[in-house]
Amino acid sequence: MKTYGTPLLAAFEGDFKKLETMSQQEKIMNQSQVHKLFLYNPTTGKLTQNLPHGKEVGCLTTAGYRVVTIQRKQYQISRIIWMWMTGEFPTDTIDHKDRVRDNNVWTNLRNATLYEQNMNRSAVGVRQLASGNFEASIQHRGTREYLGCAFPTYELAKVAYDTRKSELVGNS
């Protein structure tokens, strides 16, 4: 008999065994199965095992997203949360409105096309690092000047960028 890693997943082995016999399209989990496996707190953004004193699930990727493996398939936790809350897997990508990739508070998530998500990207000169901090830099007359890489928020990095831009080129 195949087991699925943790006691929690093993408890639902029968559900997954049924899923293994379905077509590829039908293998997608439904909301009921997600509710059996996980508890979600929309205020804190934490997804935990559906057990007494369940631990937070998943781990951070080098890209800064929290992921969990279910039946040997890795899912971004934000996508599992979308299913948990709406009953459907997102049709597009899940955008973190504040650009913090592991901030899975419900009000911070939205189903977005790639175009919509790109519109939420950082300004020129500001990018998020794998550490979660933000880096600011500016290019002027062919030279890139780094303004710092330990800004804790996007807004602080953007202020550094905007300030230096004003010093270099005025308020254009």
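Residues numbered from 1 in each chain as written. Predicted model: local features only at pLDDT ≥ 70, side-chain atom pairs only at ≥ 80, totals over all residues. Heavy atoms only, no water.

Draft legend 1. View of the overall build of the protein. From N to C terminus, the protein includes 6 helices and 10 strands. Carbon together with sulfur atoms contributes 53% to the accessible area of the protein, which is approximately 10600 Å² in total. (Helix = DSSP H or I, 4+ residues; strand = E, 2+ residues; numbered from the N terminus. Areas by Shrake-Rupley, 256 points an atom, 1.4 Å probe, with all protein chains shown as cover.)

Draft legend 2. Representation of the pattern of salt bridges in the model. Taken as a whole and judged by the stated rule, the model has 7 salt bridges. Put simply, Arg66 and Glu56 hold a salt bridge, and the shortest N to O gap is 3.6 Å. Here Arg66 is found in strand S4 (residues 66–70), whereas its partner Glu56 is found in the loop between strand S2 (46–49) and strand S3 (59–60), with 10 residues between them in sequence. Across the salt bridge formed by Asp162 and Lys158, the nearest N and O atoms sit 2.9 Å from each other. Taken together, the positions of Asp162 and Lys158, both in helix H6 (residues 154–169) and 4 residues apart, correspond to about one turn of that helix. Relative accessible area serves as the criterion here: at 24%, Lys158 is assigned to the partly exposed category. Salt bridges sharing common partners tie together Lys46, Glu56 and Arg66. (Salt bridge = Lys/Arg side-chain N within 4 Å of Asp/Glu carboxyl O. Buried < 20%, exposed > 50% of the residue type's maximum accessible area, 1.4 Å probe, protein only.)

Draft legend 3. Region of interest: the nonpolar core. The biggest cluster of nonpolar side chains holds 19 residues, and the ones touching the most others in it are Met29, Val34, Phe38, Leu47, Val68, Ile70 and Ile80. If you list the elements that add at least two residues to this core, you get helix H3 (31–37), strand S1 (38–41), S4 and helix H4 (77–86). In terms of residues, this core owes the most to one element, H4, which gives 6 residues. When neighbours within four sequence positions are excluded, Val34 is seen to be in contact with Met29, Ile80, Met83 and Trp84. Membership of the second largest hydrophobic core comes to 8 residues, among which are Ala136, Ile138, Tyr154 and Ala157. (Core = buried A, V, L, I, M, F, W, Y, C linked by side-chain atoms within 4.5 Å. Contact = heavy atoms within 4.5 Å.)

Draft legend 4. Here's a closer look at the environment of Val105. The topology assignment puts Val105 in the loop between strand S6 (93–96) and strand S7 (109–112). Each C-alpha atom, one on Val105 and one on Ser78, is 9.1 Å from the other, the two residues being 27 residues apart in sequence. Sequence-distant contacts of Val105, that is, excluding residues within four places in its chain, are made with Tyr40, Pro42, Thr43, Thr44 and Gly45.

Draft legend 5. Examining the sheet that holds S3 more closely. Taking strand neighbours across the sheet as the criterion, the 3 strands line up as S3-S4-S5 in an open arrangement whose pairing is antiparallel. Where the open sheet ends on each side, the last strands, each with one partner, are S3 and strand S5 (73–76). Inspection of the sheet shows S3 paired to S4 by 2 bridges, in the antiparallel sense. Paired with Leu60 across the two strands is Arg66, which belongs to S4. Along the sheet, H4 contacts S4 and S5; its crossing angle with S5, the most-contacted strand, is approximately 75°. (Pairing = 2+ DSSP bridges. Axes fitted to C-alpha atoms, helices over the stretch in contact; angles between N-to-C directions.)

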